[in-house]
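Chain residues, written in single-letter form:
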Amino acid sequence: MKDFVNKVLSELKDDSELNNNALVKMVLESANKSIVNNDSYDNIYVQLKGSLIGVNEHLKNNRIRSMIAQFNKNERTDDSVLHEMSKLGKLTDQLDIIKE
C-alpha cells in the first residue's frame, strides 16, 4: 500500500500540468501531512483515491483518470474477486472448506 501511495504522489508531483493546479496541490499537501502524522497508509490510500475522484470531477483530466484506474486495478485482486463472489452467492462456508 505504501509503495502504491508514494508512486501516485510522485506522479502527481512530477506532472507539471497537475502540480500547478490548486486542487491537486491541496491533495498533495493533505497526503503529505497524513504521512508526516504517521497515519496508516490504508487510510491515506482511501483519502487519496477519494480526493482524486473529487478533483477529477472538476478537472476531467486524463492523467488523473488513469491514476484512478490504477487504484481500481490495485483493488481488483484474486482475493477481492473471490470475496465479492462469495458475498453474492453466500458461498463463504464453501470457499473456506475449499481453502482448507
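Everything discussed here concerns the structure shown above.
Let us look at the structure shown here.

Here is what the cut-offs are and how they apply
- Residues numbered from 1 in each chain as written.
- Predicted model: local features only at pLDDT ≥ 70, side-chain atom pairs only at ≥ 80, totals over all residues.
- Heavy atoms only, no water.
- 1 Å grid on protein atoms, 1.4 Å probe; cavity = no way out; pocket = protein on both sides within 12 Å on 5 of 7 lines; lining within 4 Å.
- Points joined across faces, edges and corners; volume = space filled by probe spheres on them.
- Helix = DSSP H or I, 4+ residues; strand = E, 2+ residues; numbered from the N terminus.
- Nonpolar A, V, L, I, M, F, W, Y, C, P; charged D, E, K, R; others polar.
- Phe/Tyr/Trp six-rings, centres within 6.5 Å; stacked < 30°, edge-to-face > 60°.
- Buried < 20%, exposed > 50% of the residue type's maximum accessible area, 1.4 Å probe, protein only.

Before going further, it helps to spend a moment on empty space enclosed by the protein. One pass over the structure, following the stated rule, counts one cavity of 30 Å³ or more. Elements supplying a minimum of two residues to the lining of the largest cavity: α3 (22-36) and α4 (41-59). It is α4 that provides the largest number of residues to the lining of the largest cavity, a total of four residues. Per-class residue counts for the lining of the largest cavity are four nonpolar, three polar and no charged.

This part covers the packing of aromatic side chains. Enumeration over the complete set of coordinates arrives at three aromatic pairs. Ring centres 5.6 Å apart and planes at 45° place the aromatic pair phenylalanine 4 and tyrosine 45 in the tilted group. Of the two residues, phenylalanine 4 sits in helix α1 (residues 2-14) while tyrosine 45 sits in helix α4, which places them 41 residues apart along the sequence. Neither phenylalanine 4 nor tyrosine 45 differs from the other in exposure class; each is buried. With 4.9 Å between their ring centres and 85° between their planes, phenylalanine 4 and phenylalanine 71 make a pair best called edge-to-face. With phenylalanine 4 in helix α1 and phenylalanine 71 in helix α5 (residues 62-75), the pair connects residues that are 67 residues apart, well separated along the chain. Across the pair, exposure class does not vary: phenylalanine 4 and phenylalanine 71 are buried alike. Taken together, the ring pairs connect Phe4, Tyr45 and Phe71 into an aromatic cluster.

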